[in-house]
Amino acid sequence: MKLKGDQTTARAMNRRLILNLLRREGPRSRADIATVIGLSPAAVTFVVADLLEEGIVIEGKTVPGLTGRRPIPVDINYEHAFAVGFKLMVDSVECVATDLATNPVAAMRVSLDGHEPDKVADLLAGTVPELVKLAGRPNAKLAGIGISMPGVINHEQTACVRSYRFKWDNVPLASLVASRVHVPVWLEDDTNAYAIAQQLFGLGRQHRNMAVLAVGVGISCALVIEGKLYRGANGAAGKFGHTLYEENGRLCECGKRGCLMAYHSEISMLRRWREATGREELGLPELSAALASGDAAALALVADSGRGIGTALANLVNITDPEVIVAGGEAVSLGDPFLTPLREALSARTFRTAPPLLPDWEDNSWARGAAALVTQKIFDFESSGGITDIASLASVMTAGSSSAA
């Protein structure tokens, strides 16, 4: 006997299959969708009708050059709604409004003067209307807000369990923001959010198994396994920079000694270069210029970090066997002086042929990762709490409390 809820569950599964096919491959006719996914034409017609009514998909023009009834392709309406993304850094917040494909339509950066949770929530909530105004689309709809930050995140409770840089323990940041803006809010580790964006619309779009390496203030490596982000038992998976590099070595932000990121994060590279040159004012632009000019000391230091990370990464590859590695973060902007030694060390230590390492260095890529926390819900068909009219945002911000999605 079929329960009443079975049809709803099947429709939800079919919806997800159809949306993800359109996301990966672009416009398709209903007949094509049925053939590729293996659903009946009737099932596809029902789901597409729902999606058209909701405005999530749109119909295109008929395919020319065909006889008989010409098929009408359908595609995702990426302009259907906004997503807002906030990437929290120690002293600032990178902010972006995107369409549902995480293409930016507005971006700004605001200063973060302190880390007191309520003040951070006030700042983020107050920035949403400014960001939407900057986008110039007052009649748009807001699908939700994504927040990414460095730390261990409880995905179910959307809370920061621990962040060394913010000195937070068990801070329910998503709920704090949601209570101020009354739209769904999601919170995730920044590298995990970046990996979700790469999986949905980036370099990992066609891959079910990938590693996403980030080398910036810290070092981390998110894993997507069989199409799902792997968070681990406690939300702490991917803390690659805290693997051991040198016994009793340099002190790391976590309080332990010898971590990989204490030597080879972008910040650690700069610290080592300043120590070697005796010039405290040097930063990433100066290091990039030194590399471009062929400075031997700069080339040697950056190559050493590339080899160190590549060797450690090989251990991860030998365990997880990803199809591809996507590399992001500030250190990627250093280019071949960093990436070539990394690739060479990776190839030298992997059991099988090393997977391709694909660098990604685009403006707003990390804030777009935060926005992807919103758009992924459309393709996962998880409850999003609805879509809010931008025009009503100002009024709901002064209303009562709301919980995070």
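If you look the protein up in an unreviewed UniProt entry, it shows as ROK family protein from Rhizobium sophorae. UniProt lists a comment for the protein under the heading Sequence similarities (unreviewed entry), and it reads "Belongs to the ROK (NagC/XylR) family."

Within this structure, the stated rule accounts for five aromatic pairs. Considering the side-chain rings of Tyr 78 and Phe 201, the 5.8 Å spacing of their centres and the 80° angle between planes classify their relative orientation as edge-to-face. Of this pair, Tyr 78 sits in the loop between strand E3 (73-76) and strand E4 (82-88) while Phe 201 sits in helix H6 (residues 190-201), and the two are 123 residues apart along the sequence. With a centroid separation of 4.4 Å and 15° between ring planes, the pair formed by Tyr 194 and Trp 366 is classed as stacked. Of this pair, Tyr 194 sits in helix H6 while Trp 366 is found in helix H12 (residues 365-380), placing the two residues 172 residues apart along the sequence. Its relative accessible area of 1% is what places Tyr 194 among the buried residues. Overall, Trp 366 belongs to the buried group, its relative accessible area being 12%. The cationic tip of Arg 23 hangs over the ring face of Phe 379; the distance from NZ or CZ to the ring centre is 5.6 Å.

The next point concerns the nonpolar core. Ile 18, Leu 19 and Phe 379 are the most contacted members of the largest nonpolar core, which totals 45 residues. With sequence-adjacent residues up to four places away left out, Ile 18 is seen in contact with Ile 33, Ile 37, Leu 39, Val 44, Val 47 and Leu 51. Ranked by size, the runner-up nonpolar core spans 42 residues in total, among them Cys 221, Ala 312, Leu 339 and Ala 354.

Rules of the game
Residues numbered from 1 in each chain as written. Predicted model: local features only at pLDDT ≥ 70, side-chain atom pairs only at ≥ 80, totals over all residues. Heavy atoms only, no water. UniProt positions renumbered as here; feature names shortened; annotations may be inferred. Phe/Tyr/Trp six-rings, centres within 6.5 Å; stacked < 30°, edge-to-face > 60°. Helix = DSSP H or I, 4+ residues; strand = E, 2+ residues; numbered from the N terminus. Buried < 20%, exposed > 50% of the residue type's maximum accessible area, 1.4 Å probe, protein only. Lys NZ or Arg CZ within 6 Å of the ring centre and 35° of its normal. Core = buried A, V, L, I, M, F, W, Y, C linked by side-chain atoms within 4.5 Å. Contact = heavy atoms within 4.5 Å.

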